[in-house]
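What follows is the residue order along each chain.
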Amino acid sequence: MVKGIEKFGIPVVHMCTVVPISLTVGANRIVPTVAIPHPLGNPNLDAQEELALRKRLVDKALHALETEVEEQTVFE
Amino acid sequence: MSKIKVVHYINQFFAGIGGEEKAHIQPELREGIVGPGMAINAALGDEAEIVATVICGDSYFNENLESAKKTVLEMIKSQGADLFIAGPAFNAGRYGVACGAITAAVQEELGIPALTGMYVENPGVDMYSKEVYIVATKNSAAGMRDAVKKMVPLALKLAKKEEIGEPAVEHYFPRGIRKNFFTDKRGSERAVDMLLQKLGGEEYVTEYPMPSFDRVAPAKALADVRKATIAIVTSGGIVPKGNPDHIESSSASKYGEYDIEGVMDLTEATYETAHGGFDPVYANLDADRVIPVDVLRQYEKEGKIGKLHRYFYSTVGNGTAVASANAFSDEIGKKLIADGVDAVILTST
């Protein structure tokens, strides 16, 4: 899906937990996330902390979209 | 010993009847050899001979799949065949589907050994290579000699019920069948050998080939994210509560397009996941944990991003065929372009 959309020329950032799969399928901008059932959240945190966590991840994703890449890049 | 009786199937084109304008012709049985049957018969040598040829138009077969299959099967049965060969179909799609369908039916319903041949991208390969032996051929009839050379020995082996070797050796598409056998080296040794070969730049043969994935060059970065329209796409199966489009929990056959105009936050009451491949509890409680609508809305308000796109797209990435995913993303990509979306955040679970 990542490639299928990116081939139209729009940058796609893949936010996922299993980075090796993302690398295998060929995503170019990858942001590692928290866990498979809740990639952008953590139910163990309180609501404020969880929102802050999600903001940090989205910030990384936006940063990735603003960054030119030549090859597959994982934005830790 | 009497010769093995072979019935051969070809389409209207290889029978010399005509091209697309004759693709609607109904099944026809002819005695003896027609068209590419000459080359096959020659290669069969003294052991076997083509006694009859069944011909059918490609369009007719594909548009009347069940009835055409039935008629063709009766024709083949009437000849008392010991072996059935279809094609080769090379990269002709409908012909490949016909060859695959008949080969599978002959094997299944008549219990007669059967095989066909086609090019790797022929849709018939995807559809039938697990059921029947399909020999890998070149993509056009220029590869006939090569195809016959590979198909005939395997066909004779099947007719004589001899043991069939590995796909690479016998030139057929892997059928996904695992065979247990003893080797003198255990797995760890073989793995280390393979690793050493790989590191040394030598050729090696994997024991478990991974599916091949093609690549797309990275798209240009956004000049200014504060001016960009960003869309959300997910394989995490987030859908409005009740899953209105009935997206399947695995092997999804579709995706959904959902309007989030005015939606500031995804809540337990309004959204859930349709995904069957992970524990849905956390996503059902708060779907923002899978697609960050709440944060992107806030950023939109604060001017950190230009705009959150009005629709998000969702499917279930759980055993979903690569071909399906490609089809979905093709449609989604076109819509995003048409809507002037600048970038995509795609989340996966």
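Residues numbered from 1 in each chain as written. Chains lettered and ligands numbered in written order. Predicted model: local features only at pLDDT ≥ 70, side-chain atom pairs only at ≥ 80, totals over all residues. Heavy atoms only, no water.

**Some remarks on the overall build of chain A**
The number of helices and strands found in chain A is three helices and three strands. Its helices and strands in sequence order give chain A the pattern α-β-α-β-α-β, from N to C terminus. Its C-alpha atoms give chain A principal-axis dimensions of roughly 40 × 25 × 20 Å. Across the 76 residues of chain A, 54% fall into the buried class. Long-range contacts, defined here as pairs at least 24 residues apart, represent 43% of the contacts in chain A between residues at least 6 apart. With the model as given, the accessible surface of chain A reaches about 3200 Å², and the carbon-plus-sulfur share is 55%. For chain A, the separation between the mean place of its 7 positive charges and that of its 10 negative charges on side chains is 5 Å. (Helix = DSSP H or I, 4+ residues; strand = E, 2+ residues; numbered from the N terminus. Buried < 20%, exposed > 50% of the residue type's maximum accessible area, 1.4 Å probe, protein only. Contact = heavy atoms within 4.5 Å. Areas by Shrake-Rupley, 256 points an atom, 1.4 Å probe, with all protein chains shown as cover. Lys, Arg positive; Asp, Glu negative; His and termini not counted. Charge placed at Lys NZ, Arg CZ, Asp CG, Glu CD.)

**What about helix 6 (residues 144-159) of chain B?**
All names here are of chain B. Between the first and last C-alpha of helix 6 there are 21 Å, a value that for 16 residues agrees with the 22 Å anticipated at 1.5 Å per step. Every buried residue of helix 6 is accounted for by M144, D146, A147, V148, M151, V152, L154, A155, L156, L158 and A159. One or two positions beyond helix 6, positive phi appears at K161, with a value near 55°. (Expected span 1.5 Å × (residues − 1).)

**Notes on the sheet that holds strand 9 (residues 256-259) of chain B**
Read across the open sheet, the seven strands follow the order 3(A)-2(A)-1(A)-12(B)-7(B)-11(B)-9(B); overall the sheet is mixed. Taken across any chain shown, the strands that pair with only one partner, and hence form the sheet edges, are strand 3 (73-74) of chain A together with strand 9 of chain B. Here four bridges tie strand 1 (residues 12-16) of chain A to strand 2 (residues 29-32) of chain A, and the two strands are oriented parallel to one another. Within strand 2 of chain A, the position partnered with M15 of chain A by the bridge is V31 of chain A. Where helix 10 (residues 293-302) of chain B meets the sheet, its contacts fall on strand 7 (229-234), strand 11 (307-314) and strand 12 (343-347) of chain B, and the angle it forms with strand 11 of chain B comes to roughly 160°. (Pairing = 2+ DSSP bridges. Axes fitted to C-alpha atoms, helices over the stretch in contact; angles between N-to-C directions.)

**Overview of the packing of helix 1 (residues 37-44) of chain B against helix 6 of chain B**
Residues and elements named next belong to chain B. Direction vectors running N to C along helix 1 and helix 6 enclose 55°, while the axes themselves pass 9 Å from each other. Taken together, the axis directions place helix 1 and helix 6 in an arrangement best described as oblique. Where helix 1 crosses over helix 6, the handedness of that crossing is right-handed. Contact residues: helix 1 offers A39, I40, A43 and L44, while helix 6 offers V148, V152 and L156. (Parallel < 35°, antiparallel > 145°, perpendicular 65-115°, else oblique. Left-handed = near helix turned anticlockwise from the far one by under 90°.)

**Brief notes about the interface of chain A and chain B**
Taken together, the 46 residues of chain A in the interface contact 50 residues of chain B. Along the contact surface separating chain A from chain B lie five salt bridges. Notably, a salt bridge pairs R54 of chain A with D294 of chain B, separated by 2.7 Å at the nearest N-O pair. Counting the contacts that link chain A with chain B gives 22 residue pairs in polar contact (both at pLDDT 80 or more). Where the side of chain A that touches chain B is concerned, the elements lending two or more residues are helix 1 (2-6), strand 1, helix 2 (19-25) and helix 3 (47-65) of chain A. (Salt bridge = Lys/Arg side-chain N within 4 Å of Asp/Glu carboxyl O. Polar contact = N/O pair within 3.5 Å; in protein donor to acceptor, adjacent residues only side chain to side chain.)

**Looking at the sheet that holds strand 4 (residues 83-86) of chain B**
All names here are of chain B. Spatially, the six strands line up as an open sheet ordered 2-3-1-4-5-6, and their pairing is mixed. Looking at the sheet topology across the chains shown, the edges are occupied by strand 2 (28-31) and strand 6 (133-136). Strand after strand, the sheet turns through a mean of 25° between neighbouring axes, direction not considered. Relative to strand 3 (residues 48-56), strand 2 runs antiparallel, the two sharing four bridges. Along strand 3, the bridge assignment pairs R30 with T53. Contacts from helix 4 (residues 93-110) reach strand 1 (4-11), strand 4 and strand 5 (114-118), with the element oriented near 165° to strand 5.

**Quick word on the domain arrangement of chain B**
Along its sequence, chain B is carved into domain 1 (4-170) and domain 2 (225-347). Put simply, the middle of domain 1 of chain B and the middle of domain 2 of chain B, counted by C-alpha atoms, are 45 Å apart. (Domains from an automatic or database assignment.)

**Re the nonpolar core**
Of all hydrophobic cores here, the largest spans 63 residues; its most connected members are Y9, F61, I76 and F84 of chain B. In terms of residue count, helix 6 of chain B provides more of this core than any other element does, ten residues in total. For F84 of chain B, the contacting residues outside a window of four places in its chain are V7, H8, Y9, I76, I102, T103, V106, I112, P113, A114 and L115 of chain B. Counting residues in hydrophobic clusters, the runner-up holds 43 residues, among them L65 and F75 of chain A together with A228 and A287 of chain B. (Core = buried A, V, L, I, M, F, W, Y, C linked by side-chain atoms within 4.5 Å.)

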